[in-house]
Number of protein chains: 2
Amino acid sequence: MSPTSDDGLKIFRDAQSGFRWAGVDRLNYKEEGSAPFKSISRQVLFSGPGLAGELRYFKIEPGGFSTLERHEHVHAVMILHGRGTCLVREMVRAVETYDLVTIAPWSWHQFRATGGEALGFLCLVNAERDRPQLPNADDLTALRAIPGVAEFLDGK
Amino acid sequence: MSPTSDDGLKIFRDAQSGFRWAGVDRLNYKEEGSAPFKSISRQVLFSGPGLAGELRYFKIEPGGFSTLERHEHVHAVMILHGRGTCLVREMVRAVETYDLVTIAPWSWHQFRATGGEALGFLCLVNAERDRPQLPNADDLTALRAIPGVAEFLDGK
């Protein structure tokens with residue numbers, strides 16, 4: 001049994017193998033069918049009470065990807081393990097362990113585990129935040145016209 | 001040159017060797033003489049604009065320790081590398097890579113790199129937070145009376 005504080009917070013939650021944690025559920029990334037994504041899971045490591053931010057861990061299996069989306073809230077990302085590629089705004093960039101990525105408001109973004117291994121990252125967000133927007137056909141056309149972006153979106 | 005977003009945020013900050021990051025200053029943990037600590041440095045990885053939380057990285061060299069203190073704001077800690085020991089409230093506990101520690105309001109806490117290697121951890125806090133309090137003589141007497149705590153505080 002892990003000691004708990006008076007308000008029910010677990011003080012100590014041990015790391016387990018495979019980037020799991022005691023008492024932390026592995027969740028669906030999003031509701032199936034709500035948006036395009038592949039082979040990605042979510043674990044909420046820290047979330048209220050008393051915290052204005054939330055820290056989540058996402059694991060993308062090889063070949064998988066997060067949803068291409070944008071929103072007003074900021075994403076503050078640290079790659080925790082592995083390597084892959086990400087799109088932020090109009091930039092496609094290789095990322096590897098411990099790299100930092102700051103996703104400013106309304107930046108289109110997506111992470112892909114293109115390195116032949118799982119890509120795990122931490123993502124800090126505000127506890128209060130807006131819902132993501134998906135690209136419409138015009139957004140996708142504009143994005144795909146940027147050099148390198150169509151290849152990224154097609155997983156090549 | 002790292003691409004920057006319109007508001008001057010650096011989007012991509014690459015990890016360097018030894019837990020340093022491009023464009024991130026290694027800071028003094030606290031002002032020298034302001035509180036007891038030893039062999040610990042601080043890097044602010046993510047901090048506003050648009051973020052209600054801040055993510056900091058602390059590195060404690062072997063034998064070093066953070067300040068024994070408490071405050072109203074919550075600390076949400078992930079051990080990023082190495083191993084050591086921490087005190088939270090009345091509990092002394094070994095910690096190792098990827099373990100999670102939640103430090104509730106007004107919990108006395110201290111981290112020590114007791115494992116013969118550096119101990120690095122991420123700490124999420126609210127951007128707006130109160131200043132830490134140091135223990136007075138009575139607090140220290142009460143803490144040291146708890147089994148195991150005097151040995152911890154003496155680095156044994």
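Quick note: structure is the one above.
Here goes a summary of the coordinates provided. (Residues numbered from 1 in each chain as written. Chains lettered and ligands numbered in written order. Predicted model: local features only at pLDDT ≥ 70, side-chain atom pairs only at ≥ 80, totals over all residues. Heavy atoms only, no water.)

## A look at the relation of the copies chain B and chain A
Each copy of the sequence occupies a distinct position, and chain B is placed on chain A by a rotation of 180° and an axial shift of 0.0 Å, giving an RMSD of 0.0 Å. The transformation relating the two chain copies, once decomposed into turn and shift, fits a two-fold axis. Residues of chain B ranked by C-alpha distance from the rotation axis are headed by B:Gly53, positioned 2.4 Å from it. Mapped onto chain A, 100% of the interface residues of chain B are again interface residues, and the two copies thus contact each other with one and the same surface. (Least-squares fit on C-alpha atoms with pLDDT ≥ 70 in both. Contact = heavy atoms within 4.5 Å.)

## A look at the environment of A:Glu72
Residues and elements named next belong to chain A. Inspection of the secondary structure puts Glu72 in the loop between strand S6 (53-65) and strand S7 (75-81). On the basis of relative accessible area, Glu72 is assigned to the partly exposed category, the value being 48%. Beyond its immediate chain neighbours, meaning those up to four positions away, Glu72 contacts Pro105, Trp106 and Asp130. (Helix = DSSP H or I, 4+ residues; strand = E, 2+ residues; numbered from the N terminus. Buried < 20%, exposed > 50% of the residue type's maximum accessible area, 1.4 Å probe, protein only.)

## Structural notes on the packing of aromatic side chains
All told, the structure shown has 14 aromatic pairs over all chains when counted by the stated rule. Seen in terms of ring centroids, A:Tyr98 and B:Phe19 are 4.9 Å apart; in terms of plane orientation they differ by 55°. Their pairing is tilted. With A:Tyr98 in the loop between strand S9 (91-96) and strand S10 (100-103) and B:Phe19 in the loop between strand S2 (15-16) and strand S3 (20-21), the pair connects residues from two separate chains. The interplanar angle of 70° and the centroid separation of 5.2 Å between the aromatic rings of B:Trp21 and B:Tyr57 together place this pair among those described as edge-to-face. Residue B:Trp21 is found in strand S3, and its partner B:Tyr57 is found in strand S6 (residues 53-65); the two are separated by 36 residues along the sequence. For the residue pair B:Trp21 and B:Tyr57, the accessibility class agrees, reading buried in each case. (Phe/Tyr/Trp six-rings, centres within 6.5 Å; stacked < 30°, edge-to-face > 60°.)

## Digging into the interface of chain B and chain A
Contacts between the two partners involve 43 residues from chain B and, on the opposite side, 43 residues from chain A. For the pair chain B and chain A, the two sides together bury roughly 4,100 Å², of which 68% comes from carbon and sulfur. Residue assignment for the side of chain B that touches chain A shows that the elements contributing at least two residues are strand S1 (12-13), strand S5 (38-46), S6, strand S7 (75-81), strand S8 (83-88), strand S9 (91-96), strand S10 (100-103) and strand S12 (119-126) of chain B. Element by element, the count of residues in the side of chain B that touches chain A is highest for S7(B), at four residues. For the side of chain B that touches chain A, the per-class residue count stands at 28 nonpolar, seven polar and eight charged. (Buried area = accessible area lost by both parts, 1.4 Å probe. Nonpolar A, V, L, I, M, F, W, Y, C, P; charged D, E, K, R; others polar.)

## Some details on the environment of A:Arg26
Residues and elements named next belong to chain A. Examined against the element boundaries, Arg26 turns out to sit in the loop between strand S3 (20-21) and strand S4 (27-28). The exposure class assigned to Arg26 is partly exposed, which follows from its relative accessible area of 47%. Taking the C-alpha atoms as reference points, Arg26 and Leu80, 54 residues apart in sequence, are found 17 Å from one another. Apart from the residues within four sequence positions on either side, Arg26 is in contact with Arg20, Ser41, Arg42 and Gln43.

## Points about the side chain of B:His71
Residue and element names in this part refer to chain B. Tracing the chain through its elements places His71 in the loop between S6 and S7. Within the structure, the side chain of His71 is placed 2.9 Å from the backbone oxygen of His73, a separation counted as a polar contact. Only 3.4 Å separates the side chain of His71 from the side chain of His75, close enough to count as a polar contact. The residues contacting His71, other than those within four sequence positions of it, are Pro105, Trp106, His109, Asp130, Arg131 and Pro132. (Polar contact = N/O pair within 3.5 Å; in protein donor to acceptor, adjacent residues only side chain to side chain.)

## Some points on unusual backbone geometry
Residue and element names in this part refer to chain A. Each neighbour pair has its own omega, and for Gly48 with Pro49 the value is -5°, a cis peptide bond. Mapped onto the fold, Pro49 is located in the loop between strand S5 (38-46) and S6. In this structure, Tyr98 is a non-glycine residue whose phi angle is positive, near 80°.

## Observations regarding the pattern of salt bridges
Counted by the stated rule, this structure contains 14 salt bridges over all chains. Put simply, A:Arg83 and A:Glu117 hold a salt bridge, and the shortest N to O gap is 3.4 Å. Highlighted residues: A:Arg83 in strand S8 (residues 83-88) and A:Glu117 in the loop between strand S11 (109-112) and strand S12 (119-126), separated in sequence by 34 residues. Of the charged contacts, one joins B:Arg144 and B:Asp154 as a salt bridge, the two residues approaching to 2.8 Å between their closest N and O atoms. One end of the pair, B:Arg144, is in helix H1 (residues 137-144); the other, B:Asp154, is in the segment after helix H2 (149-153), with 10 residues separating them in the sequence. Residue classification places B:Asp154 among the partly exposed residues on the basis of a relative accessible area of 39%. Taken together, the salt bridges that share partners define one network made up of A:Arg83, A:Glu96 and A:Glu117. (Salt bridge = Lys/Arg side-chain N within 4 Å of Asp/Glu carboxyl O.)

## Focus: the side chain of B:Glu69
Residues and elements named next belong to chain B. Relative to the helices and strands, Glu69 resides in the loop between S6 and S7. A relative accessible area of 5% places Glu69 in the buried class. Other than its neighbours up to four places away in sequence, Glu69 contacts Lys30, His75, Ser107, Trp108, His109, Pro132, Gln133 and Leu134.

## Here we look at the pairing of S7(A)
All names here are of chain A. Extensive coverage of S7 is indicated by the burial of seven of its seven residues. Of the strand pairs in this sheet, S7 and S10 are connected by four bridges, and their pairing is antiparallel. Within S10, the position partnered with Met78 by the bridge is Leu100. Bridge count for S7 against S12 is five bridges, and the pairing is antiparallel. Of the residues in S12, the one forming a bridge with Val77 is Cys123. (Pairing = 2+ DSSP bridges.)

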